[in-house]
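Topology and contacts: notes
Chain by chain, the residues:
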Amino acid sequence: MIEVEVKAKIDSFEEMEKRLENLGAVKSKKEFQEDIYFASPIVDFGQTDEALRIRTTNNNIFITYKGPKLNKDAKTRKEVEMTIESAVKAKDIFEEIGFKEVRTVRKNRKYYNYENFEISLDDVEGLNPYMEIEISLEDGNDYDDAQKSIFELFEKLGVTEGFERTSYMELLENI
């Protein structure tokens, strides 16, 4: 799967929730997420722009691999994710084969659905409010059109600046 994602700093969650509601977006869920990111013993993920994490939510645990970014304006990249039973065991396996824990990112996230977009309002510990808009594609050939439609939706919501291509982990590292 190819994930096309754009994030932007926003002024306030309350204001954006009103804009989303006025647009017709539907709140789908709210959850706490804890992401443990790992460094590879083989490849410098900072150089290759890849990521490997274990995500624990209210109800599920996932291992996620994110490939290198495929374009310059959005975080468009291959994403492979699978559900697992134990974050502790997965972390132990990763560490036994040489992966090192880099950072843990914690956030409260509210999800909204609008047309083919998944929108999230992210309250990340240590950062200002952010909003992400994402489209998942089976076929990566349409990611330029998907990216364009994401920026158009941001504009409809009154967001024209504050865009970030870096991950929350990278943003926290640079504080």
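Scroll up to find the structure.
Residues numbered from 1 in each chain as written. Predicted model: local features only at pLDDT ≥ 70, side-chain atom pairs only at ≥ 80, totals over all residues. Heavy atoms only, no water.

Phi at Asp 49 is positive, roughly 65°, even though this residue is not glycine. Note that Asp 49 resides in the loop between α2 (45-48) and β3 (51-56). With a phi angle near 50°, Glu 115 is a residue other than glycine that sits in the positive phi range. With respect to the helices and strands, the residue Glu 115 is situated in the loop between β6 (100-114) and β7 (117-124). (Helix = DSSP H or I, 4+ residues; strand = E, 2+ residues; numbered from the N terminus.)

Below, the discussion takes up the pattern of salt bridges. One pass over the structure, following the stated rule, counts 18 salt bridges. A salt bridge links Glu 31 to Lys 29; the shortest N-O distance between them is 3.9 Å. Relative accessible area serves as the criterion here: at 8%, Glu 31 is assigned to the buried category. Note that Asp 122 is salt-bridged to Arg 109, the shortest N-O span being 2.6 Å. Residue Asp 122 is located in strand β7, and its partner Arg 109 is located in strand β6; the two are separated by 13 residues in the primary sequence. Each of the two residues, Asp 122 as well as Arg 109, counts as buried. (Salt bridge = Lys/Arg side-chain N within 4 Å of Asp/Glu carboxyl O. Buried < 20%, exposed > 50% of the residue type's maximum accessible area, 1.4 Å probe, protein only.)

What follows is about the pairing of strand β1 (residues 2-9). For β1, the tally of buried residues reaches 7 of 8 residues, placing the bulk of the element in the interior. Taken together, the 2 bridges between β1 and strand β9 (residues 163-164) define a ladder with antiparallel strand orientation. Its bridge partner lying in β9, Lys 7 is registered against Glu 164. (Pairing = 2+ DSSP bridges.)

Glancing now at helix α4 (residues 143-156). With 14 residues, α4 should reach 20 Å at 1.5 Å per residue; the first-to-last C-alpha distance of 20 Å fits that figure. Along α4, the residues classified as buried are Ala 146, Gln 147, Ile 150, Leu 153 and Phe 154. Seen from one end, α4 has its buried residues packed into an arc of 120°, which puts them on one side. Among the exposed residues of α4, those oriented more than 90 degrees off its buried face are Asp 144, Asp 145, Lys 148, Glu 155 and Lys 156. Phi for Gly 158, located one or two positions after α4, is positive at around 85°. (Expected span 1.5 Å × (residues − 1). Arc of directions from axis to C-beta.)

This next bit is on the pairing of strand β8 (residues 130-137). β8 sits mainly inside the fold: 7 of its 8 residues count as buried. Bridging between β1 and β8 involves 8 bridges; their strand directions are antiparallel. Among the inter-strand pairings, Ala 8 is bridged to a residue of β8, identified as Met 131. When β7 meets β8, the two strands line up antiparallel, connected through 5 bridges. Each residue of the ladder has a partner; that of Leu 121, found in β8, is Met 131.

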